[in-house]
Amino acid sequence: MEQQSEPPSEALRAEYDELAEAVRKHRFAYYQEDAPTVSDTEFDELYRRLEELEGLHPELKSNDSPTQEVGGAVSAAFSPVEHLQRMYSLEDVFSIEELNAWLTRAQASVEKLGGGHAGKLKWLTELKIDGLAISLLYRNGELLRAATRGDGNVGEDVTHNVLTIKDIPRKLKGGDHPAEMEIRGEVFIPSKAFVVLNEGMIEAGKPPFANPRNAAAGSLRQKDPETTAKRPLSMYVHGIGSREGLSAASQSGTYDLLEGWGLPVSPYAKVLNDEDAVLEFIEYYGSHRHDLRHEIDGIVIKIDDFATQRAVGYTSRVPRWAVAYKYPPEEVHTKLLDIQVNVGRTGRVTPFGLMQPIKVAGSTVEMATLHNQDVVKAKGVLIGDTVVLRKAGDVIPEIVGPVVALRDGSEREFVMPTHCPSCGTLLAPAKEGDVDIRCPNARSCPSQLRERIFHLAGRGGFDIEALGWEAAVALAGPVEPETPPLRTEADLFDLQVEDLAPVKIEREKRSKGAPTGERELVPYFYSKGSPKKPSGPSANTRKLFEELEKAKTQPLWRVLVALSIRHVGPTAARALATAFGSMQAIRDASEERLADVDGVGHTIAAALTEWFAEDWHREIVDKWTAAGVRMEDEADENVPRTLEGLTIVVTGTLENFSRDEAKEAIIIRGGKASGSVSKKTDYVVAGDSAGTKRDKAESLGLAVLDEDGFRKLLAEGPA
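Predicted model only: the values in this text are computed from it and were never measured. (Residues numbered from 1 in each chain as written. Predicted model: local features only at pLDDT ≥ 70, side-chain atom pairs only at ≥ 80, totals over all residues. Heavy atoms only, no water.)

Focus on the pattern of salt bridges
Right, so step 1: Counting across every chain of the model gives 27 salt bridges.
Right, so step 2: A salt bridge links Arg 407 to Asp 385; its shortest N-O distance comes to 2.7 Å. Highlighted residues: Arg 407 in the loop between strand 16 (398–402) and strand 17 (428–429) and Asp 385 in the loop between helix 11 (373–379) and strand 15 (386–390), separated in sequence by 22 residues.
Right, so step 3: Residue Asp 622 pairs with Arg 587 through a salt bridge whose shortest N-O separation is 3.1 Å. Pair noted here: Asp 622 is in helix 20 (residues 615–626) and Arg 587 is in helix 17 (residues 583–588), with a separation of 35 residues, a long-range link.
Right, so step 4: Note on Asp 622: relative accessible area 42%, which makes it partly exposed.
Right, so step 5: Beyond isolated ion pairs, a larger network of salt bridges with shared partners links Arg 487, Asp 491, Asp 494 and Lys 623. (Salt bridge = Lys/Arg side-chain N within 4 Å of Asp/Glu carboxyl O. Helix = DSSP H or I, 4+ residues; strand = E, 2+ residues; numbered from the N terminus. Buried < 20%, exposed > 50% of the residue type's maximum accessible area, 1.4 Å probe, protein only.)

Listed below in structure tokens is the structure:
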């Protein structure tokens, strides 16, 4: 006999009631107010705990449990619309193990059905767009009505607003349209358009949208269609509801019909024949999710065959034939503990947030950028706020905005400092009307110096691995009572090992029994020994001097990048090095001659002229030259100019070229190495995981080469 579980305790009942109420409250904020007070991850955790309690104790679950609902209620601002066929939610899974278990269950349930359903399933695999679900009712090819999902049975009539979306046809193309059909899709704002939209909001002094989903939902649910029309809304079809006179046997087959009739169908969907292919699809878009037209938060997997879908059926809330795999979160909520400022290598003073540490996009984040004081004001964030934090892949974490509903009155405004926190110099805009405030003490400001030292050692500069951030701080920072080893970067290649002996850094005490948090000054560049007599240079210090010697042989473009000249990055530096060949030729060139170089232009030319006008800047170049740093590229007469006048884009991973090596190979043969695909591109070299650049090249009819083709192009040119 099956053992009965213990009845829930009073504490468990209380937890369940609190959870159910919290889920209802958060669902209302998300669906009705388009202003969530928790992140999707936090909501998912609450919801899963609710499901877990109901699984352990079914007696807790009532008919009005949030787990039995779909979406949200209908707002009083819109007329209610009853869907002809219910719009369901999807079951979510959060790990590959959970997904594998679901796929196995789905296959097993189909095998039990027998008959024509037995056999290997085909999986329609789609991107889970982070937008707002919509249902479009067409009769005889004409759009009759548009409605939001609502609670799944009744949605909101948003027809007038939907008519402003250019992607959605009022009348379908062609003929043989069904007498009646409900098209299900997702309304979204494309990623690039979202950035532009938020920039406009900030410029207008309005708080930006927290994310594209909130922006899309808020835009579609405007009372005035003219406001909706100004927003860059798009839509992709992701399903079909009630249909009369539609004979397609599969959902993918239906998509083909709908696309032929002019409805927007996602270009990313694929029918896959086995589970391994599904997992590869998930892995691919997990690493390419920011190359797409829109934001996604997961992948949807469906049984493609309609007859099998009908046979497998539904639960009270979700279809048994579909599941949503959700990627780890890239947007969370956390506490903003303080706002401080950082002084960058060009003197720009940038506010940044110090936050309660939180894990997002696979890493723990404590700091995030706030760009400048105007952005802080426009975003409306206060110190002490709960804020929306976004970290997309390798992009610097960004504070998106506050969760205003959670304020308790203890929050305070950020006040921009008037003097540099590093050197005490009065701060001011670089030019009249400049938004950014800068420290004008470029030569002596310790913060600017350590940022420049860290920059020159980076992969785009001298590539000195042993000169990381901590070492840069130690070399440029105060060494009481002496001056630091580096007063400017001009001294870098004149350093001697003994210059580093007095340098100490503050670290947490590592001695046994030391209280947690207690700190001490320890030698940084020397191995362990007594504080008065270190035992000698550390292994890292020996490596530093070896890499400094190697850095002297780097090509001219890397030296240019290392100088921290405003606007001169790797692309412009390569163009300058190719055009002039030596540092002296660049110094002697007029601003007009510099601007004439392809890829340079007037802004960079002016920055170069201004930089070389400073005595102490020229001193850096002179001292590096005296120390043996290479200031002239040796022209290799044996390299043929096979790519003269050609524009080439390299995308994806090549087996025998790094990205820098591929660009170098193009430039020394007279070509232009571009980062974006356009009609002016002559060739696109596509390696593994080439992504959307390859897709765009193919859509424009451009020549796409693999690595072997690239080698042939380098050797022989376009012929």
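Details of a nonpolar patch on the surface
Right, so step 1: A cluster of nonpolar side chains, namely Phe 454, Trp 469 and Val 473, defines an oily patch on the protein surface of about 240 Å² accessible area.
Right, so step 2: Its place among the elements puts Phe 454 in helix 12 (residues 446–456).
Right, so step 3: Assessed through its relative accessible area of 36%, Phe 454 is described here as partly exposed. (Patch = residues over 30% accessible without salt bridge, like charges linked within 9 Å, V, L, I, M, F, W, Y side chains within 5 Å. Areas by Shrake-Rupley, 256 points an atom, 1.4 Å probe, with all protein chains shown as cover.)

Re the environment of Val 360
Right, so step 1: Looking at the secondary structure, you find Val 360 in strand 13 (residues 349–360).
Right, so step 2: Residues Val 360 and Val 332 lie 28 residues apart in sequence; the distance between their C-alpha atoms is 6.8 Å.
Right, so step 3: Apart from the residues within four sequence positions on either side, Val 360 is in contact with Pro 329, Glu 330, Glu 331, Val 332, Val 365, Leu 389 and Lys 391. (Contact = heavy atoms within 4.5 Å.)

Digging into unusual backbone geometry
Right, so step 1: We note that Asn 140 has phi near 50°; this positive angle belongs to a residue other than glycine.
Right, so step 2: In this structure, Asn 140 sits in the loop between strand 4 (132–139) and strand 5 (142–148).
Right, so step 3: Look at Asn 140 and you get exposed, because its relative accessible area is 55%.
Right, so step 4: Although it is not a glycine, Asp 463 adopts a positive phi angle of roughly 60°.
Right, so step 5: If you trace the backbone, Asp 463 turns up in the loop between helix 12 and helix 13 (469–476).
Right, so step 6: The partly exposed category is assigned to Asp 463, whose relative accessible area is 41%.

A closer look at the sheet that holds strand 11 (residues 322–326)
Right, so step 1: If you walk across this open sheet you meet the five strands as 2-11-10-3-9, and the pairing is mixed. Strands with a single pairing partner mark the edges of an open sheet, and in this sheet they are strand 2 (91–93) and strand 9 (270–272). If you compare each strand with its neighbour and ignore which way they point, the axes differ by 30° on average.
Right, so step 2: Judged from the three bridges that link them, strand 2 and strand 11 form a sheet pairing that is parallel. Its bridge partner being in strand 11, Val 93 is matched across the sheet by Tyr 325.
Right, so step 3: Taken strand by strand, helix 3 (residues 96–113) contacts strand 2, strand 3 (123–129), strand 10 (296–303) and strand 11, and its axis lies near 170° from that of strand 11.
Right, so step 4: Where helix 8 (residues 251–260) meets the sheet, it contacts strand 3, strand 9 and strand 10, and its direction lies at approximately 60° from that of strand 3. (Pairing = 2+ DSSP bridges. Axes fitted to C-alpha atoms, helices over the stretch in contact; angles between N-to-C directions.)

Notes on the sheet that holds strand 22 (residues 672–674)
Right, so step 1: With parallel pairing, four strands are arranged side by side in an open sheet as 22-21-23-24. Strand pairing shows two members of the sheet lacking a second neighbour, strand 22 and strand 24 (703–705), which therefore form its edges. Averaged over all adjacent pairs, the angle separating strand axes in this sheet is 30°, with direction ignored.
Right, so step 2: Here strand 21 (residues 647–651) runs beside strand 22; their pairing, made up of three bridges, is parallel.

Considering the state of the cysteines
Right, so step 1: Taken as a whole and assessed by the stated rule, the structure comprises zero disulfides.
Right, so step 2: Cys 423 takes part in no disulfide bond, and the closest cysteine sulfur to it belongs to Cys 439, at a distance of 3.6 Å.
Right, so step 3: For Cys 423, a relative accessible area of 28% translates into the label partly exposed.
Right, so step 4: Free cysteine: Cys 445, not disulfide-bonded; nearest cysteine sulfur from Cys 420 at 3.8 Å.
Right, so step 5: With relative accessibility at 0%, the residue Cys 445 sits in the buried group. (Disulfide = S-S within 2.5 Å.)

Details of helix 16 (residues 570–580)
Right, so step 1: Among all positions of helix 16, only Ala 572, Ala 573, Arg 574, Ala 575, Leu 576, Ala 577 and Phe 580 are buried.
Right, so step 2: After helix 16 finishes, the residue Gly 581 shows a positive phi value of roughly 85°.

Some details on the nonpolar core
Looking at soluble globular proteins, one finds that nonpolar side chains tend to be buried together.
Right, so step 1: In this structure, Phe 462, Leu 467, Leu 492, Phe 493, Phe 525, Met 583 and Trp 624 are the most contacted members of the largest nonpolar core, which totals 63 residues.
Right, so step 2: Setting aside chain neighbours within four positions, we find Phe 525 in contact with Ala 471, Ala 474, Leu 475, Leu 500, Val 503, Pro 537, Ser 538, Thr 541 and Leu 544. (Core = buried A, V, L, I, M, F, W, Y, C linked by side-chain atoms within 4.5 Å.)

Section: the packing of helix 3 against helix 9 (residues 275–287)
Right, so step 1: Between helix 3 and helix 9, the least distance of the axes is 11 Å, while the angle of their chain directions is 145°. Handedness of the crossing formed by helix 3 with helix 9: right-handed. Together, Ile 96, Leu 99, Asn 100, Leu 103 and Gln 107 of helix 3 and Glu 275, Leu 279 and Ile 282 of helix 9 make up the contact between the two elements.
Right, so step 2: Of the residues contributing to the contact of helix 3 with helix 9, the split by class is five nonpolar, two polar and one charged. (Left-handed = near helix turned anticlockwise from the far one by under 90°. Nonpolar A, V, L, I, M, F, W, Y, C, P; charged D, E, K, R; others polar.)

Overview of the confidence of the model for the protein
Right, so step 1: The pLDDT averaged across the protein works out to 86; a share of 91% of its residues lies at or above 70.
Right, so step 2: Of all the helices and strands in the protein, strand 19 (residues 504–508) carries the lowest mean pLDDT, 73, while helix 20 carries the highest, 96. (pLDDT = per-residue confidence, 0-100.)

Some thoughts on the pairing of strand 11
Right, so step 1: Counting buried residues along strand 11, five of its five residues qualify, which places the element largely inside the surrounding structure.
Right, so step 2: Judged by which residues are buried, strand 11 turns out to be covered on both faces: Ala 322, Ala 324 and Lys 326 on one side and Val 323 and Tyr 325 on the other are all buried.

A word on the packing of aromatic side chains
Right, so step 1: Following the criterion strictly, the structure yields 15 aromatic pairs and no others.
Right, so step 2: Look at Phe 188 and Tyr 236: their rings are 5.3 Å apart centre to centre, the planes differ by 40°, and that puts the pair in the tilted class. With Phe 188 in strand 7 (residues 180–188) and Tyr 236 in strand 8 (residues 234–244), this residue pair connects regions lying 48 residues apart in the sequence. Tyr 236 shares its class with Phe 188; the two are buried.
Right, so step 3: The interplanar angle of 80° and the centroid separation of 6.1 Å between the aromatic rings of Tyr 314 and Trp 321 together place this pair among those described as edge-to-face.
Right, so step 4: Grouped by ring-pair contacts, the aromatic residues Tyr 268, Phe 281, Tyr 284 and Tyr 285 constitute a single cluster. (Phe/Tyr/Trp six-rings, centres within 6.5 Å; stacked < 30°, edge-to-face > 60°.)

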